[in-house]
Amino acid sequence: MRPIRDEVFARDGYRCRIQAPGCTGQADDPHHLRKQSQGGADEPWNLVTSCRSCNEWVEQEPAEARRLGWNWDAATYRTHLELHRLSDSH
């Protein structure tokens with residue numbers, strides 16, 4: 001995952017994109033918008049950078065994280081997957 005991780009960190013400016021309460025601002029980890037355990041791809045379009053505090057917040061507040069777009073349900077993920085596939089075909 002190193003090349004994808006590097007790409008995502010560079011794209012996001014090495015800053016936490018989530019900005020939840022307690023955010024440090026410094027990106028520590030890539031965050032999967034749709035978890036791999038739920039079928040989420042390990043691809044840049046399914047990843048954003050986050051600090052550990054925000055990653056924990058997403059786990060503790062899944063409904064709020066989903067409402068704000070940081071935790072995708074299956075339907076949202078399928079929409080993004082299809083958009084990604086369409087953009088790759090051009």
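Residues numbered from 1 in each chain as written. Predicted model: local features only at pLDDT ≥ 70, side-chain atom pairs only at ≥ 80, totals over all residues. Heavy atoms only, no water.

Visitor: I would appreciate a short explanation of the overall build of the protein in the present structure.
Guide: If you tally the helices and strands in the protein, you get 4 helices and 2 strands. Written out in order from the N terminus, the α and β elements of the protein read α-β-β-α-α-α. For the protein, whose C-alpha radius of gyration is 13 Å, the value lies close to the compact-globule estimate of 12 Å for 90 residues. The burial tally for the protein puts 37% of its 90 residues in the buried class. Put simply, of all contacts in the protein between residues at least 6 apart along the chain, 56% involve residues at least 24 apart. A total of about 5400 Å² of accessible surface is found on the protein, and carbon and sulfur atoms cover 49% of it. (Helix = DSSP H or I, 4+ residues; strand = E, 2+ residues; numbered from the N terminus. Rg over C-alpha atoms; globule rule 2.2 N^0.38 Å. Buried < 20%, exposed > 50% of the residue type's maximum accessible area, 1.4 Å probe, protein only. Contact = heavy atoms within 4.5 Å. Areas by Shrake-Rupley, 256 points an atom, 1.4 Å probe, with all protein chains shown as cover.)

Visitor: Please explain the nonpolar core as it appears in this structure.
Guide: Within soluble globular proteins, side chains that are nonpolar tend to cluster in buried spots. With 16 residues, the main nonpolar core has I18, W45, C54, W57, V58, W70 and Y77 as its most contacted residues. Those elements giving two or more residues to this core turn out to be helix 2 (52-60) and helix 4 (74-88). When residues of this core are assigned to their parent elements, the largest contribution, 3 residues, is made by helix 2. Look past the residues within four positions of V58 in its chain and what remains in contact with it is I18, H31, A65, W70 and N71. (Core = buried A, V, L, I, M, F, W, Y, C linked by side-chain atoms within 4.5 Å.)

Visitor: Honestly, the pairing of strand 2 (residues 47-50) in this entry has me stumped. Any pointers?
Guide: Remember that side chains alternate between the two faces of the sheet whenever the strand is regular. Where burial is concerned, the two faces of strand 2 agree: the one with L47 and T49 and the one with V48 and S50 are both buried. By the bridge criterion, 4 bridges tie strand 1 (residues 29-32) to strand 2 in an arrangement that is antiparallel. Bridge pairing links H32 to L47 in strand 2. (Pairing = 2+ DSSP bridges.)

Visitor: When you look at the side chain of N46 in this model, what are you seeing that I'm missing?
Guide: On the secondary structure map, N46 appears in the loop between strand 1 and strand 2. Look at N46 and you get buried, because its relative accessible area is 0%. At 2.7 Å, the side chain of N46 and the backbone oxygen of A41 are in polar contact. The residues touching N46, leaving out its near neighbours within four places in the chain, are H31, H32, L33, R34, G40, A41, W72 and Y77. (Polar contact = N/O pair within 3.5 Å; in protein donor to acceptor, adjacent residues only side chain to side chain.)

Visitor: So what exactly am I meant to see when it comes to helix 2 here?
Guide: The periodicity of an α-helix, 3.6 residues per turn, causes residues three or four places apart in sequence to face the same way. Buried residues of helix 2: C54, W57 and V58, and no others. Down the axis, helix 2 shows its buried residues gathered within 100 degrees of arc, on one side only. (Arc of directions from axis to C-beta.)

Visitor: Would you explain the confidence of the model for the protein in this entry?
Guide: The predicted coordinates should not be examined in detail at positions where pLDDT is low. Scored by pLDDT, the protein comes out at a mean of 91, with 98% of its residues at no less than 70. At the low end of the mean pLDDT range in the protein sits helix 4, at 85; at the high end sits strand 2, at 96. (pLDDT = per-residue confidence, 0-100.)

Visitor: How do you make sense of the pattern of salt bridges when you look at a structure like this?
Guide: Two side chains of opposite charge can pair, provided their charged atoms sit close to one another. Across all of its chains, the model carries 6 salt bridges by this definition. Of the charged contacts in the structure, one is a salt bridge between R52 and D28, with a shortest N-O distance of 3.7 Å. Here D28 lies in the loop between helix 1 (2-11) and strand 1 and R52 lies in helix 2, a separation of 24 residues in the sequence. Residue classification places R52 among the partly exposed residues on the basis of a relative accessible area of 48%. Here R67 and E64 are joined by a salt bridge, their closest N and O atoms 2.7 Å apart. On the criterion of helical spacing, the pair formed by R67 and E64 is a turn pair, its members being 3 residues apart in helix 3 (residues 62-67). A residue is classified by how much of its surface remains accessible, and E64, at 30% relative accessible area, is partly exposed. Salt bridges sharing partners connect three or more residues here, namely R11, D12 and R17. (Salt bridge = Lys/Arg side-chain N within 4 Å of Asp/Glu carboxyl O.)

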